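# Examination of the molecular architecture
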Amino acid sequence: QVQLVESGGGLVQAGGSLRLSCAASGTVFSINAMGWYRQAPGKQRELVATITSGGSTDYADSVKGRFTISRDNAKNTVYLQMNSLKPEDTAVYYCQADLRRTSWSIPYAYWGQGTQVTVSS
């Protein structure tokens, strides 16, 4: 079994900061890309940021310059540092990891359960 467990969400005022964490546990052989997505009420899930195993990053235009994604490969953990938060950042944030459970398995996309981020104006 593989689980992605997120933490760090909460309520913050506009302009504030939060740091999300997501750790993969269970049988993990290797992790390729990891990422963060979000879904606001009534909207589709959207990509926030991704990071490859080598550390290359990509961001949605709406968060560039405010959010930073990073990872600790030794801990199978990905982070999302969110600064200068805006009310429109309010959403459930999900982490995602493309990982292999064994050396002979193909990569599979696993998802966390989601963590609520609420930014008040």
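Scroll up for the structure.
Quantities reported herein were computed from a predicted structural model and do not represent experimental measurements.

### Side note on the side chain of R66
In this fold, R66 is placed in the loop between β6 (57–59) and β7 (67–72). A relative accessible area of 10% places R66 in the buried class. Polar side-chain contacts of R66 include one of 2.8 Å to the side chain of D89. Apart from residues no more than four positions distant in its own chain, R66 is found in contact with Q81, M82, N83, S84, L85, K86 and D89.

### Section: the pairing of strand β11 (residues 115–120)
Burial along β11 is one-sided: the residues T115, V117 and V119 are buried and none of Q116, T118 and S120 is. Examined bridge by bridge, strand β2 (residues 10–13) and β11 share four bridges and lie parallel to one another. In the strand pairing of β11, Q13 is matched with S120. Of the pairings in the sheet, the one linking strand β9 (residues 91–100) to β11 comprises three bridges and is antiparallel in character. Counterpart to A91 in the pairing with β11 is V117.

### Remarks on unusual backbone geometry
Generally, phi is negative for residues other than glycine and the peptide bonds are trans, each holding for most cases. With a phi close to 50 degrees, N76 is a non-glycine residue in the positive phi region. Among the structural elements, N76 can be located in the loop between β7 and β8 (77–82). Residue N76 is classed as partly exposed on the basis of its relative accessible area of 22%. Look at S84: it is not a glycine, yet its phi comes out positive at around 50 degrees. Residue placement: S84 occurs in the loop between β8 and β9. The partly exposed category is assigned to S84, whose relative accessible area is 40%.

About the cut-offs
- Residues numbered from 1 in each chain as written.
- Predicted model: local features only at pLDDT ≥ 70, side-chain atom pairs only at ≥ 80, totals over all residues.
- Heavy atoms only, no water.
- Helix = DSSP H or I, 4+ residues; strand = E, 2+ residues; numbered from the N terminus.
- Buried < 20%, exposed > 50% of the residue type's maximum accessible area, 1.4 Å probe, protein only.
- Polar contact = N/O pair within 3.5 Å; in protein donor to acceptor, adjacent residues only side chain to side chain.
- Contact = heavy atoms within 4.5 Å.
- Pairing = 2+ DSSP bridges.

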